[in-house]
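# Structural features, examined
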Amino acid sequence: MSEREDPHGVFGALISGYDRFTRRLTRRPGSVRDAQDVMQDAWLRLARVQDVEDMSSPAAYVGQVVKNLAIDRLRAQRVWERHFATAEFHDQPADLPSAERIVDFRQRVARLGEIIAELPPRQRQVFLLHKFDGLSHSEIAARLGISRSAVEKLIMKALAQCRDGLGDLLDDL
């Protein structure tokens, strides 16, 4: 049943009481955004209601749905705060790398990109499919129509070239 077919039923009650419900939800510990989220959840919940014709007071039903959803939201917020919003998360400094380390890693990544670009085309293709697309050796073999052994050899050669090309940059890790 759509809201057009039900102007005085649950959707009518929700629409006519929207501002009142939103103000009431905003007064409690919450925000306008939380109130609007509850109202959207109410809309979705009411869209699944069956047998609205037998309902004696759609407005009371809508009010109870909104109230229950608001209580559920408050409970969920309390659980989140109890488990995740503790002082230990806020008081700890973030382990941010220094500017030097950031520059160093960017240089390593740039160099690795150059090395990969210099690989022979088939070797580069197999390496990227494995390392960046996450395909297994068998999946790559099937996709490219080559043997699994050939895939393994191409990946090993690509890894060796990456290691050799990065050279002393790897020693600093």
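Residues numbered from 1 in each chain as written. Predicted model: local features only at pLDDT ≥ 70, side-chain atom pairs only at ≥ 80, totals over all residues. Heavy atoms only, no water.

The predicted model of the protein averages 80 in pLDDT, with 82% of residues at 70 or higher. Of all secondary-structure elements in the protein, the lowest mean pLDDT belongs to helix α5 (residues 87–91), at 53, while helix α8 (residues 137–144) reaches the highest, 94. (pLDDT = per-residue confidence, 0-100. Helix = DSSP H or I, 4+ residues; strand = E, 2+ residues; numbered from the N terminus.)

Each full turn of the α-helix corresponds to 3.6 residues, which orients residues three or four apart in the same direction. Within helix α2 (residues 18–27), burial applies to F21, T22 and L25. For α2, the angular spread of the buried residues around the axis is 95°, confining them to a single face. Exposed side of α2, more than 90 degrees from the buried face: D19, R23 and R27 are the residues found there. (Buried < 20%, exposed > 50% of the residue type's maximum accessible area, 1.4 Å probe, protein only. Arc of directions from axis to C-beta.)

Close contact between helix α6 (residues 99–118) and helix α9 (residues 148–166) brings their axes to 10 Å; oriented N to C, the two are set at 135°. On the basis of their axis angle, the class for α6 and α9 is oblique. α6 and α9 meet at a crossing whose hand is right-handed. Taking contact as the criterion, the partners of R108, R111, L112, I115 and I116 in α6 are, on α9, Q161, C162, G165 and L166. The class makeup of the residues in the contact of α6 with α9 is 5 nonpolar, 2 polar and 2 charged. (Axes fitted to C-alpha atoms, helices over the stretch in contact; angles between N-to-C directions. Parallel < 35°, antiparallel > 145°, perpendicular 65-115°, else oblique. Left-handed = near helix turned anticlockwise from the far one by under 90°. Contact = heavy atoms within 4.5 Å. Nonpolar A, V, L, I, M, F, W, Y, C, P; charged D, E, K, R; others polar.)

By the element assignment, N68 lies in helix α4 (residues 58–84). Considered as a pair, N68 and A42 are 26 residues apart in the sequence and their alpha carbons are 9.4 Å apart.

It is worth spelling out the packing of aromatic side chains at this point. What the rule picks out here adds up to 1 aromatic pair. Aromatic side chains F127 and F132 sit 6.5 Å apart centroid to centroid with 70° between the ring planes, which places their arrangement in the edge-to-face category. F127 gets classed as buried once you look at its relative accessible area, which sits at 6%. (Phe/Tyr/Trp six-rings, centres within 6.5 Å; stacked < 30°, edge-to-face > 60°.)

So, on to the pattern of salt bridges. Summed over all chains, the structure comprises 7 salt bridges. Ionic pairing is found between D37 and R73, a salt bridge with its closest N-O pair at 3.0 Å. Pair noted here: D37 is in helix α3 (residues 32–47) and R73 is in helix α4, with a separation of 36 residues, a long-range link. Measuring nitrogen to oxygen at the nearest pair gives 3.6 Å for the salt bridge that ties R163 to D164. R163 sits in the partly exposed class, given a relative accessible area of 49%. (Salt bridge = Lys/Arg side-chain N within 4 Å of Asp/Glu carboxyl O.)

We now examine a positive patch on the surface. A contiguous patch of positive charge, built from R20, R23, R24 and R27, is present on the exposed surface. Position of R27 among the secondary structure elements: in helix α2. (Patch = residues over 30% accessible without salt bridge, like charges linked within 9 Å, V, L, I, M, F, W, Y side chains within 5 Å. Areas by Shrake-Rupley, 256 points an atom, 1.4 Å probe, with all protein chains shown as cover. Lys, Arg positive; Asp, Glu negative; His and termini not counted. Charge placed at Lys NZ, Arg CZ, Asp CG, Glu CD.)

Once that is clear, we can look at the side chain of Q123. Within the secondary structure, Q123 is located in helix α7 (residues 121–131). Its relative accessible area of 5% is what places Q123 among the buried residues. At 3.1 Å, the side chain of Q123 and the side chain of Q161 are in polar contact. Ignoring any residue separated from it by four or fewer positions in sequence, one finds Q123 in contact with L154, K157, A158 and Q161. (Polar contact = N/O pair within 3.5 Å; in protein donor to acceptor, adjacent residues only side chain to side chain.)

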